[in-house]
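Structural overview
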Amino acid sequence: MEEKMKESFTMEQMETETAEMTSLQYLNRDNAVFSRTEGGFVSLEYDGKTWERVQIIRLFPFTEPDRFLSIRTVEERAKEIGVIVDLQDVDEDTGQMILEQLNLHYFTPVIKRILDIKDEYGYAYFHVITDRGECRFTINMGSNAVAHLSDTRLLITDLDENRFEIRDVNELTMKEQRKLDLFL
C-alpha cells in the first residue's frame, strides 16, 4: 500500500514538474514589473513573486535580437520565468534597461579591418580594428572558433570565449580577405 502511494506521489510530482517546465509565460507591460537593482542588475515582479535578480537571454540572438527574450533565474540551473515576445511589449524605460543588460551579456565587437593574422603552433594570432578600437586576440585553429552565420557573416570566438563578428567579409579589402582565407 505504501509503495503505491509512493509511486503515485512520484508520478504526481513528475506531472507537476513537467507541466511547469513546458508551460510558457508571456511577460509584458501589463503583467510584469522590471526594475534596476542597486548593483545595476535587473529584478522582476510577476505573478505575485519577486526575483531580486534575473538574467535575460536572446532565444534567437542573430535573427531576432529584440524579440523572444527569455527571462530566467540566475542559479546555475536557471529556470525560465517567462518570455518577452518583443521589446515593444514593455514600456520604453524597461526596454532600455533590458537592452543595456543584453549589450553587456552579448558584447561582440565588429571587426572592421584585419591588420595581421599570424599562425604559430596551431594558433592564429589576430591583430584587428573593431568598432570598439584596436584589438589582439588568439584562436585555436583546431577548434570551432569560427562559425559561419551566413555565406558572408562570421562569428569568431577567441581562447577566452570573447566573441568577434565580421558582418560581411566582402566589405574587407582583397588583401584582408586573403589573410582571413588562410585561417578559415
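Here's a quick rundown of the structure. (Residues numbered from 1 in each chain as written. Predicted model: local features only at pLDDT ≥ 70, side-chain atom pairs only at ≥ 80, totals over all residues. Heavy atoms only, no water.)

On to the overall build of the protein, then. A count of helices and strands for the protein gives 3 helices and 11 strands. Each helix (α) and strand (β) of the protein, taken in turn from the N terminus, gives the series α-β-β-β-β-β-α-β-β-β-β-β-β-α. For the protein, the C-alpha atoms occupy an extent of roughly 75 × 45 × 30 Å along the three principal directions. Buried positions account for 32% of the 184 residues belonging to the protein. Summing over all exposed atoms, the protein offers an accessible surface of approximately 12,800 Å²; the carbon and sulfur share of this is 47%. Across the protein, the mean location of the 22 positive side-chain charges is 7 Å away from that of the 37 negative side-chain charges. (Helix = DSSP H or I, 4+ residues; strand = E, 2+ residues; numbered from the N terminus. Buried < 20%, exposed > 50% of the residue type's maximum accessible area, 1.4 Å probe, protein only. Areas by Shrake-Rupley, 256 points an atom, 1.4 Å probe, with all protein chains shown as cover. Lys, Arg positive; Asp, Glu negative; His and termini not counted. Charge placed at Lys NZ, Arg CZ, Asp CG, Glu CD.)

To continue, consider the nonpolar core. One finds Leu27, Phe34, Leu44, Ile71 and Ile84 to be the most contacted residues of the largest nonpolar core, which totals 20 residues. For this core, the elements supplying multiple residues, two or more each, are strand S1 (32-36), strand S2 (42-46), strand S3 (49-58), strand S4 (67-73), strand S5 (80-86) and helix H2 (92-105). Of all the elements, S3 adds the most residues to this core, at 4 residues. Setting aside residues no more than four positions away along its own chain, isoleucine 84 makes contact with Leu27, Phe34, Arg67, Phe68, Leu69, Ile71, Val90 and Ile98. Of all hydrophobic cores here, the second largest spans 17 residues; its members include Ile114, Ile139, Leu172 and Phe183. (Core = buried A, V, L, I, M, F, W, Y, C linked by side-chain atoms within 4.5 Å. Contact = heavy atoms within 4.5 Å.)

What follows covers the side chain of threonine 138. With respect to the helices and strands, threonine 138 occurs in strand S8 (residues 133-140). The contact partners of threonine 138, leaving out residues within four places of it in the chain, are Tyr123, Ala124, Tyr125, Asp158 and Leu159.

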